[in-house]
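Secondary and tertiary structure notes
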Amino acid sequence: MTHVHSTATRKFTSETRPFLICGEWRSTPVSQAIPCIDPATGNNIATVCGASRDDATAAIEAARRSFDERSWQDKTPAEKAKILWKVADLIEEHADVLAELEVLDGGKLFDAAKNGEVPMAAESFRYYAGWTTKLEGKTSRISSAGNAPFHCYTEYEPVGVVGMILPWNGPLVMAAWKLAPALAAGCSCVVKPAEQTCLSTLYLGELLMLAGVPAGVVNIVPGSGSVVGAAISESPLVDKISFTGSTATGKQLLEAAKGNLKKLTLELGGKSPAIVLADCDMDKTVEGVAAGIFSGAGQVCVAGSRLYVERPIYDEFVQKLVQHTNNIQVGEGFDEANEMGPLISETHLQSVLGFIQEAEKSGACVAAGGTRIKRDGFFMRPTVLVDVDDKMLIATEEVFGPVLVVQAFDDLEDVISRANASDYGLAASVWTSNVGKAHQIIRQIRAGISWVNCHGLPDMAMPFGGFKQSGWGREAGLEGLLQYCEMRSVLVNIAH
Ligand code: NAD
């Protein structure tokens, strides 16, 4: 059955979307318009006003003013909690529109967006609403003053103005994962969505205003990385950058941020291993491993793109995996029969297909998929590659598409060292019925998040981020909140 999208979505996409600075929705000349392309058709479905460098500066100044005037940070913890909770309620009330925008603009499956990403965005605001009233320092007894009477304590402060630079692969959730903890900490924000996927972030902006976030506390400026992204990351008025995107851009931000030594949270790329032991439940594992790479058409930072299968079950496992992969129904996200949607753009599709061609030239074999689907939009078949060597580009580089490389392994020591032989260290999964072995393996894998007998499940309670070149810092959990805080230590001589 094909879902028909709502009147509210039609209205939202039929008007050129302005951007948000200091509580006002501002437009720019048509020459700065950003087209929104539906990846399922290649058609232009909406237009967004693109911000210039001056607009970005105005957004940064508005955030700075609101922070320095303390319009948000001085609200009581309970007042902040109420507003964040209201944002969560509004996200749920507007779930259909938000999910439809994720499908139209980001190529998501409607069901995944409505029942996965939208609730996750709402939960992010609710989770951090709870933390506003529990963000506490501690008291300490000090030794350096001898027996002189002192009262010493620590307290958390918001880090200041935060620039948030988002990727295209999870626009709503990425915006929520950054905005909710930053607002809970008392920060003011400038958000730059990815050029490809601005719509749901702009819609979220409307909900934030409706919930009562004061003007200037959240500003949203769509635009290119080289103009708007650079303006935010270079500005001396911005105290911190929270970035999700590629490792290459993350490295550029280090350079741009050094002027005023901005704090940086970097959620970057991955090439995550899935390790399948011979004692796994084979059918469930085939399904789980396939979901771990093909969900979101592989455009997921934690995608399990390197699969290692223990030699005794390798042939049977690959045969079942290929069969399962060939049965995955690919198509546009509003048809609920479809299990995998399009890639984000023609350029990205060509890049993914290029990786496959290069792998074939180096000796890898396509066991499933490997080709574009000839129809409108940016669709390809989910792909499984075998006869892959550890050193091939396809086994080392992040492809960010529905491409799985499968290799056999003989012993645990071997597979652990191969799994770790990567510049990335974002995620990993182990598939086995032996709990002890699972823990032994995970302890030795250099990854920020690991799963046993599942892959890719996020939760607000579980800190999320990478080892090695997969990033700095964590999102979600208390750790995610503390990324938006500074700590002050106070030593009071109470003999005076
Ligand atoms: P990207 O690095 O190309 O772009 C990300 C954002 O950075 C965009 O908004 C872009 O406009 C902006 N940008 C680009 N150049 C910039 C510059 N010089 N200065 C400031 N901003 C700049 O990444 P992408 O292609 O949008 O996203 C895919 C990447 O994101 C993948 O590598 C994926 O692994 C990663 N990702 C990581 C996580 C995580 O949590 N670790 C989550 C999702 C995506």
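Below or above, wherever it landed, is the structure these notes cover. Please read all numbers here as calculations on a predicted model, not as lab measurements.

Take the site of the ligand next. In the vicinity of the ligand, 26 residues are found, and the nearest of them are Leu166, Ser246, Thr249, Leu268 and Glu398. The side chain of Glu195 places a nitrogen or oxygen atom 2.8 Å from an oxygen atom of the ligand. Glu398 places a side-chain nitrogen or oxygen 2.6 Å from an oxygen atom of the ligand. Burial of the ligand by the protein chains amounts to 88% of its free accessible area of 850 Å². Comparing atom positions with the cavity grids shows the ligand to sit within the second largest pocket.

We now examine the sheet that holds strand E6 (residues 150-158). Here we have three strands laid out as an open sheet, ordered E5-E6-E22, and antiparallel in their pairing. Because the sheet does not close on itself, it has two edges, and the strands there are strand E5 (139-140) and strand E22 (485-493). Pairing of E5 with E6, which is carried by two bridges, proceeds in the antiparallel orientation. Note on E6: the bridge partner recorded for Thr139 is Tyr153.

When its volume is computed, the largest pocket comes out at roughly 1100 Å³. What lines the largest pocket is a set of 39 residues, among which Ala112, Glu117, Ser295, Gly296 and Val300 lie closest to the centre. Every element with two or more residues in the lining of the largest pocket is listed here: helix H5 (110-132), helix H6 (171-185) and helix H10 (282-294). Split into classes, the residues belonging to the lining of the largest pocket amount to 21 nonpolar, 14 polar and four charged. Of the domains in this structure, domain 1 (7-268 + 471-489) and domain 2 (273-459) are the two that each give at least three residues to the lining of the largest pocket. Lining the second largest pocket are 37 residues; nearest its centre among them are Trp168, Phe243, Gly245, Ser246 and Thr249. If you list the elements that add at least two residues to the lining of the second largest pocket, you get helix H8 (225-234), strand E10 (240-244), helix H9 (247-256) and helix H12 (346-361).

Looking now at the nonpolar core. One finds Ile91, Phe125, Leu179, Leu183, Leu204, Leu208 and Val218 to be the most contacted residues of the largest nonpolar core, which totals 73 residues. No other element matches the twelve residues that H6 contributes to this core. Apart from residues lying up to four places away in sequence, Leu183 is in contact with Trp72, Lys80, Leu84, Phe125, Cys189, Leu208, Val217 and Val218. Membership of the second largest hydrophobic core comes to 50 residues, among which are Val309, Val318, Ala364 and Val386.

Here is what the cut-offs are and how they apply
Sequence order sets the numbering: in each chain, residues are counted from 1 along the sequence as written. Under the rules for a predicted model, residues below a pLDDT of 70 receive no local features and side-chain atom pairs below 80 are neither given nor counted, while totals for whole chains, interfaces and linings still include all residues. Note: side-chain values were computed over all heavy atoms of the structure, leaving out hydrogens and water. Nearness is judged by heavy atoms alone; a residue qualifies as near a molecule or strand once a single heavy atom is within 4 Å of it. Residues adjacent in sequence count toward polar contacts only when both atoms are side-chain atoms; beyond that, a polar contact is any pair of N or O atoms within 3.5 Å, and within protein one must be able to donate a hydrogen and the other to accept it. Where accessible areas are quoted, they stem from the Shrake-Rupley method and a 1.4 Å probe; at the residue level, only the protein chains shown are allowed to cover. Grid points spaced at 1 Å and placed over the protein atoms alone form the basis of the search, with a cavity being a set where a 1.4 Å probe fits but cannot get out and a pocket an open set showing protein on both sides within 12 Å along at least five of seven lines. Lining residues have an atom within 4 Å of a point. Think of it this way: if more than half of a molecule's atoms are within 2 Å of a pocket's grid points, that molecule is in the pocket or cavity. Strand pairing is assigned whenever DSSP identifies at least 2 bridges connecting the two strands. To qualify as a helix, a DSSP run of H or I must reach at least 4 residues; to qualify as a strand, a run of E must reach at least 2; elements of each kind are numbered from the N terminus. Grid points are joined across faces, edges and corners, and a volume is the space filled by probe spheres set on the points. Residue polarity follows a fixed list, in which Ala, Val, Leu, Ile, Met, Phe, Trp, Tyr, Cys and Pro are nonpolar, Asp, Glu, Lys and Arg are charged, and the others, Gly among them, are polar. Residue ranges for the domains trace back to a domain assignment, done automatically or taken from a database. Here, the term nonpolar core denotes a set of buried Ala, Val, Leu, Ile, Met, Phe, Trp, Tyr and Cys residues that are joined through side-chain atoms within 4.5 Å. Throughout this description, buried means an accessible area under 20% of the type-specific maximum (1.4 Å probe, protein chains only), exposed means over 50%, and partly exposed covers the range between. Contact criterion: two residues are considered in contact whenever any of their non-hydrogen atoms come within 4.5 Å of each other.

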